[in-house]
Amino acid sequence: MLKFILKRILLLFPVLLGVSFIVFTIMSFTPGDPATAILGTGASAEDIERLNRELGHFDPFLVRYGNYIRGIVTELDFGSSFRTRQPVFDEIFARFPTTLRIAIGAIILAIIIGIPIGVVSAVKQYSIFDITGTVVAMFMASVPQFWLALMAILVFSLHLGLLPSTGIDTYRHYIMPVVTLSLPTAANIIRLTRTTMLEIIRQDYIRTARAKGASEFNVIMKHGFRNAMMPVITTIGINFGFLLGGTVLIEAIFAIPGVGTLTINSIRTMDIPQTTASVLFLAFIYVIMMLVVDVLYAYIDPRIRSKYMTQKKVKTVGA
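Report follows, based on the coordinates. Just so we're clear, the structure is a prediction, and the values are computed from it rather than from any experiment.

### So, the overall build of the protein chain
At step 1: In terms of helices and strands, the protein chain carries 14 helices and 0 strands.
At step 2: Listed by position from the N terminus, the elements making up the protein chain come as α-α-α-α-α-α-α-α-α-α-α-α-α-α.
At step 3: Counting only contacts in the protein chain whose residues sit at least 6 apart along the sequence, the fraction spanning at least 24 positions is 74%.
At step 4: Accessible area for the protein chain stands at about 17,300 Å²; split by element, carbon and sulfur atoms hold 69% of it.

Okay, structure coming up:
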């Protein structure tokens, strides 16, 4: 297992290298220049040119990217922000806890909503509960998150005055962002849990467990639910990684000072080091989440553990 984890960690480097190259290329060839974005159109041409030269904007693209990668490899230096002149990760680490709290709250709420509804819908197939849950899940999965956010602000902030629409000062500020992010994710979990449970409860070993006199609760939860969780765990891991990066739009709508807002502001000001570092950080978190999901597989499904151990024994005997 340790060897497997090390291999997956080594795969991080080419992935992050590719992400850095793509982001750096897009930002470098985007029309405009960082000095104008930072100083504004009212600045003099001399000041703009001087700042662009200071930032290395006129250097060839490959030279700039090569210097960027060399700084990372030799000194773990991801550069300084064009706007603040501070190391890029200082602001990322300062803002990430806010983004992490929102993402964790959203995925927990999505699990609480999605898994029970999905299981009950499968067990009570074609019932009113199943039909209602399926229709609601399809609706929530197809509705854009930004629309949900705007409707939440319109209803709960402007009309009812129950919740604050911007900022993140108290727990009440987290309610609308968390719910807005969790509902589409919960819809995906409902649909996948229902589909997987329907496949599992029709298996022969489920009928055998019922024939032996096991209670329906034990049949569903002990024999069915655990086996149905494999693809659901994958979806939860993928969605959690998506939530960490997908809060960009929600943070902008609710004016939340997280990594998403930082990324948007960096893009607007052509802050290449800050934008690249922010995207790299989110990509790193996403890949780590996929690694965690793969490791959980081995602990949840004994078939994967036995397969891994068998392969290990075969290699030992062959040696």
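### Let's talk about the packing of helix H6 (residues 88-123) against helix H9 (residues 171-200)
Describing two packed helices takes the angle between their axes plus the distance from one axis to the other.
At step 1: It is the contact of H6 with H9, at a shortest axis distance of 6 Å, that shows an interaxial angle of 35°. Crossing hand, H6 versus H9: right-handed.
At step 2: Class assignment of the residues belonging to the contact of H6 with H9 gives a composition of 22 nonpolar, 8 polar and 2 charged.

### Observations concerning the pattern of salt bridges
At step 1: Under the criterion given, the structure shown has 7 salt bridges.
At step 2: The residue Asp130 makes a salt bridge to Arg194 at a minimum N-O spacing of 2.6 Å. One end of the pair, Asp130, is in helix H7 (residues 128-142); the other, Arg194, is in helix H9, with 64 residues separating them in the sequence.

### Some points on the nonpolar core
At step 1: Membership of the largest hydrophobic core comes to 52 residues, with the highest contact counts inside it found for Ile102, Ile115, Met197, Phe254 and Phe281.
At step 2: Ignoring any residue separated from it by four or fewer positions in sequence, one finds Phe281 in contact with Phe89, Ile92, Phe93 and Phe96.

### A short note on a nonpolar patch on the surface
At step 1: A cluster of nonpolar side chains, contributed by Leu154, Val155, Phe156, Leu158, Leu160 and Leu162, occupies part of the molecular surface with about 520 Å² of accessible area.
At step 2: Within the secondary structure, Leu154 is located in helix H8 (residues 145-159).

### Brief notes about unusual backbone geometry
At step 1: Despite not being glycine, Arg85 shows a phi value in the positive range, around 65°.
At step 2: Looking at where Arg85 falls in the secondary structure, it is placed in the loop between helix H5 (61-75) and H6.
At step 3: In this structure, Met270 takes a positive phi of about 55° despite not being glycine.
At step 4: Relative to the elements of secondary structure, Met270 occurs in the loop between helix H12 (259-268) and helix H13 (272-300).

### A look at the layout of surface pockets
At step 1: The computed volume of the largest pocket comes to approximately 500 Å³.
At step 2: Around the largest pocket sit 16 residues that line it, and Phe13, Leu16, Ile72, Phe78 and Leu280 are the ones nearest its centre.
At step 3: Elements represented by at least two residues in the lining of the largest pocket include exactly helix H2 (12-28), H5, H6 and H13.
At step 4: Among the elements that take part in the lining of the largest pocket, H2 stands out by supplying 5 residues, more than any other.
At step 5: Residue composition of the lining of the largest pocket, grouped by class: 15 nonpolar, 1 polar and no charged.

About the criteria used
Each chain carries its own residue numbering, running from 1 in the direction its sequence is written. Only residues with pLDDT of 70 or above have their local features reported here, since the model is predicted, and side-chain atom pairs are shown and tallied only from 80 upward, although totals for entire chains, interfaces and linings are computed over all residues. Where side-chain values are given, they derive from all heavy atoms of the structure, hydrogens and water being excluded. Only DSSP runs of H or I with at least four residues qualify as helices, and only runs of E with at least two residues qualify as strands; both kinds are numbered from the N terminus onward. Contact definition: two residues touch when any of their heavy atoms are within 4.5 Å. Exposure was quantified through the Shrake-Rupley algorithm and a 1.4 Å probe, taking into account, for residues, occlusion by the shown protein chains and nothing else. Between N-to-C directions, angles span 0 to 180 degrees; the directions come from axes that are lines fitted to C-alpha atoms, helices contributing only their stretch in contact. Definitions for this section: a left-handed crossing has its near helix turned counterclockwise from the far helix by less than a right angle. A right-handed crossing has that turn clockwise. Charged residues are taken to be Asp, Glu, Lys and Arg, nonpolar residues to be Ala, Val, Leu, Ile, Met, Phe, Trp, Tyr, Cys and Pro, and polar residues to be all remaining types, Gly included. For this document, the term salt bridge refers to a Lys or Arg side-chain nitrogen within 4 Å of an Asp or Glu carboxyl oxygen. The nonpolar core is taken to be a set of buried Ala, Val, Leu, Ile, Met, Phe, Trp, Tyr and Cys residues, with the residues joined through side-chain atoms within 4.5 Å. Relative accessibility under 20% of the residue-type maximum defines a buried residue, over 50% an exposed one, and the middle range a partly exposed one, all with a 1.4 Å probe and only protein chains included. What goes into a patch is any residue over 30% in relative accessible area without a salt bridge, connected to like charges within 9 Å or, for nonpolar side chains (Val, Leu, Ile, Met, Phe, Trp, Tyr), within 5 Å. Grid spacing is 1 Å over the protein atoms alone, the probe is 1.4 Å, and a cavity is where that probe fits but cannot get out, while a pocket is an open set with protein on both sides within 12 Å along at least five of seven lines and lining residues have an atom within 4 Å of a point. Grid points are joined across faces, edges and corners, and a volume is the space filled by probe spheres set on the points.

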